[in-house]
Structure formats: C-alpha cells, structure tokens
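Architecture at a glance
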Amino acid sequence: MQWSELAEQNCSFARTMSVIGDRWTLLILRDCFMKVRRFDDFHERLGIGRPILTDRLKKLVAAFVLTKVAYQQNPTRYEYRLTQKGLDLYPVVIAIVHWGDVHMGDRKGRPVLHRHMACGNDFDPVMVCSECSAEVSPRAVTIRPGPGARDPVHLPPNMPAPLRKRAARLADIPPAHPSAQCVKLLK
C-alpha cells in the first residue's frame, strides 16, 4: 500500500494516519496545543525546514485540522489555530505524551505536567467507556464490524466467522475471498 492510499482505506486508523501520521505533523500539533500559532514560532521551536513546515501546515489546513487567521496586514501574515476537528485530536496527542512520559522519560521525571483547571490537579490521561465511565484497557474491549465496515481485512483475524461473514456481506465481498477467510488461514 502506498502512503497516498491511506486516506481511501476502510479503516479509521489508516485515514487518520493519512492526516497526522508523520513526525513533523505530530510535533506541530503538540505545539498547537501549547498555543504556538505562528509560522516563525513553529520554525524556531521545531528546527524544521521551511519547505517541510509549509507543506505540513498546508496539509493540516486542507484537512480542516487548522485554520489560517490573518494577524497582520502589509504584508499579510497568518497564524494557525486549531479547528474543532483539530481540538478533537487532543486525546490522541495527550495519550502520546503520556506514553512518552511512562516509557521514554528519564530519571528526573516528566518534562511537562498537565494541570486540570477545574480541580487544580496534575493528571494522567485515562480512557473511559462513554456508556458506563469504567476505565478501558485493551483486554477489556472486543472489536466487531460497524455499520461502515466494507473490508474484512481491517477486522481482527481471530474474529468469529459469523461476524467476518457479516462484514464480507456488507462489503459485497464473496465469503470465498481471501480477506474474508483470514480466520481459517490462521487456524
């Protein structure tokens, strides 16, 4: 699969990676959440080449993750602000920061702390179920085809055959198609 084909995949993760899946874009987003908005500030903080920075900012604006807002006239200069779509990436960014704090930190501790303004405490991000508010971990979740499922290859290979067949029907893929038979191949 080519990088340019990710946006066309029937997989939310692949489509998301088509927008934010390179290191410079993630670092730009990190800085956006720290209220960095101007091109020169991104350039100085990240040490990124101007052509690469220009490309990543254009890509984020085209994907409606950022919006350009003029802050100066003659010459016109812009700052980049997170849209609602961009703000919705906060859980992703904070989860990556937390992973780095836990697995990549040094002995002195975290380089940055995050304080919840409502209660005044520093916090760690926790993922909870939207229905019951219980903490969610990988072992406490099962995956099943959703209403937009079109390709069984993006489902877990150990998914029960009836669910895999349902996803194949949704995709109009014959059950004999190799991607619909992943379970049999792995057994």
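Preceding this section is the structure that the text describes.
These lines cover the structure that appears in this document, whether it is placed above or below. Given the structure is predicted, the values throughout are model-derived calculations rather than measurements. (Residues numbered from 1 in each chain as written. Predicted model: local features only at pLDDT ≥ 70, side-chain atom pairs only at ≥ 80, totals over all residues. Heavy atoms only, no water.)

**Considering helix α1 (residues 12-20)**
Turning to α1, its buried residues number three or more, namely Ala14, Ser18 and Ile20. Along its buried surface, α1 packs onto α2 (23-33), α4 (50-62) and α6 (90-103). (Buried < 20%, exposed > 50% of the residue type's maximum accessible area, 1.4 Å probe, protein only. Helix = DSSP H or I, 4+ residues; strand = E, 2+ residues; numbered from the N terminus. Contact = heavy atoms within 4.5 Å.)

**What about the layout of surface pockets?**
For the largest pocket, the calculated volume is near 640 Å³. Arg30, Met34, Val93, Val97 and His114 are, among the 22 residues lining the largest pocket, the residues nearest its centre. At eight residues, the largest contribution of residues to the lining of the largest pocket is made by α6. Within this model, the second largest pocket holds a volume of roughly 530 Å³. The residue inventory of the lining of the second largest pocket, partitioned by class, reads eleven nonpolar, three polar and one charged. (1 Å grid on protein atoms, 1.4 Å probe; cavity = no way out; pocket = protein on both sides within 12 Å on 5 of 7 lines; lining within 4 Å. Points joined across faces, edges and corners; volume = space filled by probe spheres on them. Nonpolar A, V, L, I, M, F, W, Y, C, P; charged D, E, K, R; others polar.)

**Section: the packing of α2 against α4**
Here α2 crosses α4 at 70°, and the two axes come no closer than 10 Å. In terms of their interaxial angle, α2 and α4 are classed as roughly perpendicular. Between α2 and α4, the residues in contact are Trp24, Thr25 and Ile28 and Ile52, Leu53, Arg56, Leu57 and Leu60, respectively. (Axes fitted to C-alpha atoms, helices over the stretch in contact; angles between N-to-C directions. Parallel < 35°, antiparallel > 145°, perpendicular 65-115°, else oblique.)

Just distances and angles here, no functional claims.
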